[in-house]
Amino acid sequence: MNFKNNFFICAVAALLAVPGGAIAAPSAKQVCKKMIADGRGGGMSQKDCLCTYRVADAVLDEDIKSLLFDSWYNGTNNMQTMELLPNPRRVNKQLKTMQRSLKTNCG
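Residues numbered from 1 in each chain as written. Predicted model: local features only at pLDDT ≥ 70, side-chain atom pairs only at ≥ 80, totals over all residues. Heavy atoms only, no water.

1. Examining the overall build of the chain
Piece 1. The number of helices and strands found in the chain is six helices and zero strands.
Piece 2. For the chain, the proportion of contacts with a sequence separation of at least 24, taken over those separated by at least 6, is 71%.
Piece 3. When the accessible surface of the chain is totalled, it reaches about 6,200 Å², and 55% of it is carbon and sulfur. (Helix = DSSP H or I, 4+ residues; strand = E, 2+ residues; numbered from the N terminus. Contact = heavy atoms within 4.5 Å. Areas by Shrake-Rupley, 256 points an atom, 1.4 Å probe, with all protein chains shown as cover.)

2. Examining the state of the cysteines
Piece 1. Counted according to the given criterion, the structure contains two disulfides.
Piece 2. Paired through a disulfide, Cys 51 and Cys 106 show a sulfur-sulfur distance of 1.9 Å. Around the S-S axis, the bridge from Cys 51 to Cys 106 shows a dihedral of about -95° and counts as left-handed. Here Cys 106 lies in the segment after helix H6 (88-105) and Cys 51 lies in helix H3 (residues 46-59), a separation of 55 residues in the sequence.
Piece 3. When the cysteines engaged in disulfides are numbered in sequence order, the chain pairs them as 1-2, 3-4. (Disulfide = S-S within 2.5 Å.)

3. Some details on the packing of helix H4 (residues 62-74) against H6
Piece 1. The N-to-C vectors of H4 and H6 enclose an angle of 65°; their axes lie 11 Å apart at closest approach. Crossing of H4 against H6: the hand is right-handed. In contact with Asp 63, Ile 64, Leu 68 and Trp 72 of H4, H6 contributes Arg 90, Val 91, Gln 94 and Met 98.
Piece 2. When the residues that make up the contact of H4 with H6 are grouped by side-chain class, the tally is five nonpolar, one polar and two charged. (Axes fitted to C-alpha atoms, helices over the stretch in contact; angles between N-to-C directions. Left-handed = near helix turned anticlockwise from the far one by under 90°. Nonpolar A, V, L, I, M, F, W, Y, C, P; charged D, E, K, R; others polar.)

4. What to know about the environment of Cys 106
Piece 1. Looking at Cys 106, the relative accessible area reads 11%, which means it is buried.
Piece 2. Taking the C-alpha atoms as reference points, Cys 106 and Cys 49, 57 residues apart in sequence, are found 9.2 Å from one another. (Buried < 20%, exposed > 50% of the residue type's maximum accessible area, 1.4 Å probe, protein only.)

5. Topic: the pattern of salt bridges
Side-chain pairs of opposite charge can arise whenever the charged atoms involved come near each other.
Piece 1. In total, this model carries six salt bridges according to the counting rule given.
Piece 2. Arg 40 is the partner of Asp 38 in a salt bridge, and the nearest nitrogen-oxygen pair spans 2.9 Å.
Piece 3. Given the relative accessible area of 42%, Asp 38 is considered partly exposed.
Piece 4. Overlapping salt bridges, with partners in common, bring together Lys 34, Asp 38 and Arg 40 in one network. (Salt bridge = Lys/Arg side-chain N within 4 Å of Asp/Glu carboxyl O.)

6. Thoughts on the packing of aromatic side chains
Piece 1. Per the counting criterion, the structure on display carries three aromatic pairs.
Piece 2. A ring pair is formed by Phe 69 and Trp 72, whose centres lie 5.4 Å apart and whose planes are at 55°; its orientation type is tilted. Of this pair, Phe 69 and Trp 72 are both found in helix H4, three residues apart, which corresponds to roughly one turn of the helix.
Piece 3. When its relative accessible area of 10% is taken as the criterion, Phe 69 is described as buried.
Piece 4. According to the relative accessible area criterion, Trp 72 is buried, its value standing at 0%.
Piece 5. Linked through ring pairs, Tyr 53, Phe 69 and Trp 72 together constitute an aromatic cluster.
Piece 6. Of note, Lys 34 hangs over the ring of Tyr 73, and the distance from its end group to the ring centre comes to 5.2 Å. (Phe/Tyr/Trp six-rings, centres within 6.5 Å; stacked < 30°, edge-to-face > 60°. Lys NZ or Arg CZ within 6 Å of the ring centre and 35° of its normal.)

Nothing here speaks to function; it is all geometry.
Set out below in structure tokens:
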């Protein structure tokens, strides 16, 4: 099953939604449930999504994580926002680290 590569592509493509107001962030379960229900999960199960969420939560800086989780929940594209974050190489490096960690922790 090539879920991890498909999910990584979906995650990067969906990755960058501008965070909304000061409303409490949805839980991992809520984020995954909504993303999958909206057809943006790349064919993954709730269990796979929750594992991916935990990996992202562990390896990404707060600013990147916030944009990623918001885009998973809302389905908006934050690519321009991600490109404006300080040190774009950091963003790419962390996403690659996340991909490697998915293979180890969610396989």
